[in-house]
Amino acid sequence: MLLTALVDTGADACILPVDILTEIGAVYLETRQLYGITGHALSVNLYLLEVQIGPHRMPGIRAVAAKPGAEAILGRDVLNQLILTLDGIVGATEVS
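Rules of the game
Residues numbered from 1 in each chain as written. Predicted model: local features only at pLDDT ≥ 70, side-chain atom pairs only at ≥ 80, totals over all residues. Heavy atoms only, no water. Pairing = 2+ DSSP bridges. Helix = DSSP H or I, 4+ residues; strand = E, 2+ residues; numbered from the N terminus. Patch = residues over 30% accessible without salt bridge, like charges linked within 9 Å, V, L, I, M, F, W, Y side chains within 5 Å. Areas by Shrake-Rupley, 256 points an atom, 1.4 Å probe, with all protein chains shown as cover. Salt bridge = Lys/Arg side-chain N within 4 Å of Asp/Glu carboxyl O. Buried < 20%, exposed > 50% of the residue type's maximum accessible area, 1.4 Å probe, protein only. Phe/Tyr/Trp six-rings, centres within 6.5 Å; stacked < 30°, edge-to-face > 60°. pLDDT = per-residue confidence, 0-100. Contact = heavy atoms within 4.5 Å.

A. Structural context of the pairing of strand β5 (residues 56-66). Across three bridges, strand β2 (residues 15-17) lies against β5 in parallel orientation. Residue pairing in the sheet places L16 in a bridge with A65 of β5. Bridging between strand β4 (residues 41-53) and β5 involves seven bridges; their strand directions are antiparallel. Counted as the bridge partner of L48 is R62 from β5. In textbook terms, the turn of a hairpin is the stretch between consecutive antiparallel strands, and for β4 and β5 this stretch comprises two residues, one of which, G54, has a positive phi near 60 degrees.

Right, dumping it as structure tokens:
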């Protein structure tokens, strides 16, 4: 499945809409507490999946489930496995 996601270098983990996680057959792992930038805890469900960006495959990614239709966020759990170049002048992101 092709999915567009926001690259968020400040996010520890990927966050994907639960309807997408269900559609791709991601495996439910557990419910955990997520602490956002305000420091408040939120109970969230974690799912196990594989992420592929171009030729780069990353199995064993634990994604946080967001409400259906929410924007997908690509966090550092995936980004730290890639060479990522952000070019703000031209508004481009390159993965190599």
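B. Region of interest: a nonpolar patch on the surface. Side chains of M1, L3 and I24 sit close together on the surface and give an oily, nonpolar patch of about 280 Å² of accessible area. In this structure, I24 sits in the loop between α1 (18-23) and β3 (27-35). Owing to a relative accessible area of 38%, I24 belongs among the partly exposed residues under this scheme.

C. Quick look at the pattern of salt bridges. In this structure the tally under the stated criterion is four salt bridges. Put simply, R57 and E50 hold a salt bridge, and the shortest N to O gap is 2.5 Å. Taking the relative accessible area as the measure of exposure, E50 reaches 39% and is therefore partly exposed. One connected set of salt bridges, linked through shared partners, spans E30, R32 and R62.

D. View of the packing of aromatic side chains. For the coordinates displayed, the defined rule picks out one aromatic pair. Between Y28 and Y47, the aromatic rings sit 5.7 Å apart at their centres with planes inclined by 75 degrees, giving edge-to-face as the arrangement. Of this pair, Y28 sits in strand β3 while Y47 sits in strand β4; the two residues are 19 residues apart in sequence, bridging distant segments of the chain. The class for Y47 is buried, based on a relative accessible area of 12%.

E. Here's a closer look at the confidence of the model for the protein chain. On average, the protein chain scores 94 in pLDDT, and the residues at 70 or more come to 100%. The element-level mean pLDDT for the protein chain is lowest in strand β8 (residues 92-95), coming to 89, with β2 highest at 98.

F. Seen up close, the pairing of β4. As paired elements, β3 and β4 share eight bridges and run antiparallel to each other. Bridging from a neighbouring strand, L34 pairs with L42 of β4. The loop that links β3 with its antiparallel partner β4 comprises five residues; one of these, G39, has a positive phi angle of about 90 degrees.

G. Expanded view of the environment of S43. Looking at the element boundaries, S43 is found in strand β4. On a C-alpha basis, the gap between S43 and Q33 in space is 4.7 Å, while along the polypeptide they are ten residues apart. For S43, the contacting residues outside a window of four places in its chain are T31, R32 and Q33.

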